[in-house]
Amino acid sequence: MITRKSPQELELMRRANGLVASVLAELRRLVAPGVSTLDLDAVAERMVLDAGAAPAFKGYHGYPSTLCASVNEAVVHGIPSATALVEGDIVSLDMGVVLDRFYGDSAITVPVGHVPDRTTDLLRVTRESLNLAIEQMRVGGHVSDIGHAVQRHVEANGFAVVREFVGHGIGVTLHEEPQIPNYGEPGRGPVLAAGMVFAIEPMVTMGGAAVKVLGDRWTAVTCDGSLAAHFEHTVAVTDSGPLVLSQMAAEVVATREPVSVTHG
Ligand code: MF3
Ligand code: CO
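Keep in mind it's a predicted model, so treat the numbers as computed, not measured.

1. Observations regarding the overall build of the chain
Here comes step 1: The number of helices and strands found in the chain is four helices and 15 strands.
Here comes step 2: For 264 residues, the compact-globule estimate of 2.2 N^0.38 gives 18 Å, and the chain sits close to it at 18 Å.
Here comes step 3: Once the C-alpha set of the chain is aligned to its principal axes, its extents read approximately 55 × 45 × 40 Å.
Here comes step 4: Considering the chain as a whole, with its 264 residues, one finds that 53% of them fall into the buried category.
Here comes step 5: In the chain, 72% of the contacts between residues at least 6 apart in sequence involve partners at least 24 apart.
Here comes step 6: Placing the 19 positive and 30 negative side-chain charges of the chain at their respective mean positions leaves the two points 3 Å apart.

The structure is reproduced here in structure tokens:
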């Protein structure tokens, strides 16, 4: 069953996802050569706890951290480490929180300093494929239209879509029905209705699509060692079109103290 959220529930999901967005915006600012993903994890965890929320991934099937940080050929579920990022790396930062019962989930991939043009293309095409997928989040569309939009754009640009991991419904649990593959024929599967909320998360590689999980039992890497990018937004279907709940918007993070301005 695909749950449909009321306007009140969507507002709670906007707050949880707004917090995720503000943490990711801060982490993006901090990414630089010499910074470790463990440093970023510490900042993320402090911000989540300060906002009165809890990390969604920490403890989930034994996952050890607040953040998933997947560097270069790592696709998803990289465990934060003390290794410093170096110029030319790319790092996927994936974050989930639970706030007032509802989950937020979003990811960005960030270049570390200057990266080659083809790497910039990979990040751009992956982000564009997410935006095209979000456009499909309309009443009367089909679930499979989402993955079709991703696959079309990614493959037209000479990149490959990872099959082993999928997007998902989200609400009072991190993973709800349906699964959202990033490929497929359009016009299949359940029909989209107002109040449905999905985490859409294209994972795209520069080489082959095959991935394997490392000995740490979490980190998924490309089998051929090619670079991978990952972007994710939590998006609601509404009568007036797609509503991106995990977009950066300081005003939705209501649990934070208002900024005091002194004049004179
Ligand atoms: N964004 C990913 C997902 O929704 C992150 C999950 S990591 C885990 O599946 F640790 F929670 F498994
Ligand atoms: Co997700």
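2. Some words on the coordination of the cobalt ion (ligand 2)
Here comes step 1: Around the cobalt ion (ligand 2), the protein supplies Asp 105 (OD), His 168 (NE2), Glu 201 (OE) and Glu 232 (OE) as donor atoms, at distances of 2.1 to 2.3 Å.
Here comes step 2: Metal-centred angles of 65 to 167° between the six donor atoms at the cobalt ion (ligand 2) mark the site as irregular.
Here comes step 3: Here the donor residues for the cobalt ion (ligand 2) map to a single chain with the spacing D-x62-H-x32-E-x30-E. Of this pair, Asp 105 sits in strand E5 (residues 102-111) while Glu 201 sits in the loop between strand E9 (197-200) and strand E10 (203-205); the two residues are 96 residues apart in sequence, bridging distant segments of the chain.
Here comes step 4: Judged by relative accessible area, which is 2%, Asp 105 ranks as buried.

3. Concerning the environment of Arg 124
Here comes step 1: Counting through the fold element by element, Arg 124 comes out in helix H3 (residues 117-135).
Here comes step 2: Arg 124 sits 27 residues away from Gln 151 along the chain, and the two C-alpha atoms are 14 Å apart.

4. Looking at the side chain of His 230
Here comes step 1: Relative to the helices and strands, His 230 resides in strand E13 (residues 228-230).
Here comes step 2: Residue classification places His 230 among the buried positions, given a relative accessible area of 0%.
Here comes step 3: Of the polar contacts made by the side chain of His 230, one reaches the side chain of Glu 201; its length is 3.0 Å.
Here comes step 4: Dropping the residues within four chain positions of it, His 230 is found in contact with Val 75, Val 76, Ser 92, Asp 94, Ala 107, Ile 108, Thr 109, Thr 126, Glu 201, Pro 202 and Met 203.

5. Comments concerning the site of ligand 1
Here comes step 1: Looking at ligand 1, the residues that line it are Phe 57, Tyr 60, Tyr 63, Cys 68, His 77, Asp 94, Asp 105, His 168, His 175, Glu 201, Trp 218 and Glu 232.
Here comes step 2: Within the side chain of His 168, an N or O atom sits 2.8 Å from an oxygen atom of ligand 1.
Here comes step 3: For ligand 1, the protein covers 94% of the area, taking 330 Å² as the surface of the free molecule.

6. Thoughts on the nonpolar core
Here comes step 1: Residues Leu 27, Leu 93, Met 95, Phe 198 and Ile 200 are the most contacted members of the largest nonpolar core, which totals 55 residues.
Here comes step 2: Formed by 15 residues, the second largest nonpolar core is a distinct cluster that contains Leu 10, Phe 102, Ala 199 and Leu 245.

About the criteria used
- Residues numbered from 1 in each chain as written.
- Chains lettered and ligands numbered in written order.
- Predicted model: local features only at pLDDT ≥ 70, side-chain atom pairs only at ≥ 80, totals over all residues.
- Heavy atoms only, no water.
- Helix = DSSP H or I, 4+ residues; strand = E, 2+ residues; numbered from the N terminus.
- Rg over C-alpha atoms; globule rule 2.2 N^0.38 Å.
- Buried < 20%, exposed > 50% of the residue type's maximum accessible area, 1.4 Å probe, protein only.
- Contact = heavy atoms within 4.5 Å.
- Lys, Arg positive; Asp, Glu negative; His and termini not counted.
- Charge placed at Lys NZ, Arg CZ, Asp CG, Glu CD.
- Donors = N, O, S within 2.8 Å, 3.2 Å for Na, K, Ca; no water.
- Tetrahedral: all angles 85-135°; square planar, octahedral: opposite > 155°, others 65-115°.
- Polar contact = N/O pair within 3.5 Å; in protein donor to acceptor, adjacent residues only side chain to side chain.
- Near = heavy atom within 4 Å.
- Areas by Shrake-Rupley, 256 points an atom, 1.4 Å probe, with all protein chains shown as cover.
- Core = buried A, V, L, I, M, F, W, Y, C linked by side-chain atoms within 4.5 Å.

Honestly, it's all geometry; don't read function into it.
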